[in-house]
Structure formats: C-alpha cells, structure tokens
Amino acid sequence: RKEVEQDPGPFNVPEGATVAFNCTYSNSASQSFFWYRQDCRKEPKLLMSVYSSGNEDGRFTAQLNRASQYISLLIRDSKLSDSATYLCVVTKPGNQFYFGTGTSLTVIP
Amino acid sequence: GAVVSQHPSWVICKSGTSVKIECRSLDFQATTMFWYRQFPKQSLMLMATSNEGSKATYEQGVEKDKFLINHASLTLSTLTVTSAHPEDSSFYICSAPRDLVSEQYFGPGTRLTVT
C-alpha cells in the first residue's frame, strides 16, 4: 500500500473558483504534513505546513484529520498563477518525505 | 536565494557509462540529505537517505549497487548512477533539512537522459 494516496486530477477550474484537494496516508505514526507546489520541470516548493487545528495563508487553507488520516487543501478565488501540481507530503520520524502522486490544477481564464 | 544546489542541471550520457550528480547545502550543514527520482507525469519517489559519515539507507526496490551515494562532508552528497541505461532517464532531485524538524529544501534537480 502506498504511503500517500492522492487524486491525480486533473482539475480544470475557472478563475475565481474554489477548489479542494484531498490526500490520505497509511502510516498512523506519520509526524509532519505539508503541501508542496511543483511547476513543470521545477523542484517542489513548500506551500504550507498542515496542522490538526487547521491553518490558513491567504487564499489557502490546509487541514489535517489524524483520526481519518487525511489532509486537505482548499484554494479560494483561484488565480491563473495557481496552475501547478500540488503534492501532499507526509514525513516519518527519520524526516523522510513521502510524496503523493500530485494533483494537477489548471485555472482557466 | 537557493539554499540547496545541484550539479549538473542536465546531463546526456551513453548507455553503460556512469554519471555523478552533486547536491550541496549552501548556507547550512546537512547531516542528512535525501535523493528522489521523478519520471514524467509521476510524483517524486524517495530513493534513499544520505547520511554524513555512514552508509546511505535505501528505499525498498532501489538498487544500492546501481545508485551509489556518498555523503563525504556536511554540505555535499553525491549520487552516482552506475552503468546507466535508458530506463534510468529521469529527473533526480535532492533535498536537505536545516534540522530534523524543519522543512526540506529541494535542489533544482538534474535531468538525466541516457541514450
């Protein structure tokens, strides 16, 4: 079973739309959780960390549900510049990162 | 600015040759670095954990004799793809955390093409 499962999409949404991505993880001992963004042929960049209490950064809201072992990312008021692949990441105690397959988002004018 | 660098950024080599990729932390020391591989339209797959001063730890299914990792100093890890074949063509990315609990900083990646 994969460490992290993620719907690959693609998601094609109009500008201004709200879009949500979910991700599940298999190891209950997972320690830290992140959302990364990856543009084509580039390295991943940290978007935000994910906490059980939920955290918000502008138009982005991330949530962690440890009981159900899933992570979510909500993007409000989508911009063209949000088009990218969004990767959920789960870490183990040794700080190894395990990536989901990534969800492709295209925001359409 | 970048905190982790990789060299080279791209390389084309012939089948059967070996290729060395360097990963450097630029303004911090990294006792641990990680190597990933990403095939087109797929996610990053963790290959191995590189440990300064000791042997690397490989993920299941990754051949340690094919992908040689050397973490000779606190700022440098190298990945050598030995006897490369076309199926090894991929995007290789390294990462390093500043400490055990901070985020990972990713290198810009090395695109390897084996002909």
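Residues numbered from 1 in each chain as written. Chains lettered and ligands numbered in written order. Predicted model: local features only at pLDDT ≥ 70, side-chain atom pairs only at ≥ 80, totals over all residues. Heavy atoms only, no water.

### Some points on the layout of surface pockets
Just so we agree on the cut-off: Grid points spaced at 1 Å and placed over the protein atoms alone form the basis of the search, with a cavity being a set where a 1.4 Å probe fits but cannot get out and a pocket an open set showing protein on both sides within 12 Å along at least five of seven lines. Lining residues have an atom within 4 Å of a point. Grid points are joined across faces, edges and corners, and a volume is the space filled by probe spheres set on the points. Elements are defined by DSSP. Helices are runs of H or I of four residues or more, strands are runs of E of two residues or more, and each kind is numbered from the N terminus. Amino acids are sorted into nonpolar (Ala, Val, Leu, Ile, Met, Phe, Trp, Tyr, Cys and Pro), charged (Asp, Glu, Lys and Arg) and polar (every other residue, Gly among them).
Quantified by volume, the largest pocket comes out at close to 1,100 Å³. Along the wall of the largest pocket there are 36 residues; nearest its centre are Q38, F39, Q42, S43 and L44 of chain B. When residues of the lining of the largest pocket are traced back to their parent elements, those giving at least two are β9 (84–91) and β10 (97–99) of chain A together with β4 (32–38), β5 (45–51), β9 (90–97) and β11 (110–114) of chain B. Top element by residues in the lining of the largest pocket is β11 of chain B. It accounts for 3 residues. For the lining of the largest pocket, the class distribution of residues is 14 nonpolar, 13 polar and 9 charged.

### Focus on the pairing of β4 of chain B
A regular strand places its side chains on the two faces of the sheet in alternate fashion. All names here are of chain B. Quick reminder of the rule: Each residue gets one of three labels from its accessible area relative to the maximum for its type: buried under 20%, exposed over 50%, partly exposed in between, using a 1.4 Å probe on protein chains only. Two strands qualify as a pair provided that DSSP identifies no fewer than 2 bridges between them.
Among the 7 residues that make up β4, 7 are buried, leaving the element largely enclosed by the rest of the structure. Relative to β5, β4 runs antiparallel, the two being bridged by 6 bridges. Of the residues in β5, the one forming a bridge with T32 is N51. Bridging between β4 and β9 involves 5 bridges; their strand directions are antiparallel. Residue R37 lies in a different strand from β9, and its bridge partner there is Y92.

### Structural notes on the nonpolar core
To keep it simple, the criterion reads: Nonpolar cores were defined as sets of buried Ala, Val, Leu, Ile, Met, Phe, Trp, Tyr and Cys residues, with membership established by side-chain atoms within 4.5 Å.
In this structure, W35 and I71 of chain A are the most contacted members of the largest nonpolar core, which totals 37 residues. Looking at this core element by element, the count peaks at 6 residues for β9 of chain A. Listed in part, the 25 residues of the second largest apolar core include V4, V11, I69 and Y92 of chain B.

### Quick word on the interface of chain A and chain B
Using the following cut-off: Should any heavy atoms of two residues lie within 4.5 Å, those residues are considered in contact. We define buried area as the total accessible area lost by two parts upon association, computed with a 1.4 Å probe and summed across both. By convention in these notes, a salt bridge is any Lys or Arg side-chain nitrogen within 4 Å of a carboxyl oxygen on Asp or Glu. Two N or O atoms count as a polar contact when they lie within 3.5 Å, although within protein this holds only if one can serve as hydrogen donor and the other as acceptor, and sequence-adjacent residues are included solely when both atoms are side-chain atoms.
With 17 residues of chain A at the contact, the number on the chain B side is 21 residues. For the pair chain A and chain B, the two sides together bury roughly 1,500 Å², of which 55% comes from carbon and sulfur. Three residues stand out in chain A for area buried against chain B, namely E43, N95 and F97 of chain A, and they jointly supply 32% of the buried area on that side. Summed over the shared surface of chain A and chain B, the result is 0 salt bridges. Where chain A meets chain B, there are 4 residue pairs in polar contact (both at pLDDT 80 or more). For the side of chain A that touches chain B, the elements supplying multiple residues, two or more each, are β4 (33–38) and β10 of chain A. Counting residues per element, the side of chain A that touches chain B draws most heavily on β10 of chain A, which supplies 3 residues. Looking at the side of chain A that touches chain B residue by residue, the classes come out as 7 nonpolar, 7 polar and 3 charged.

Read these as geometric descriptors, not functional statements.
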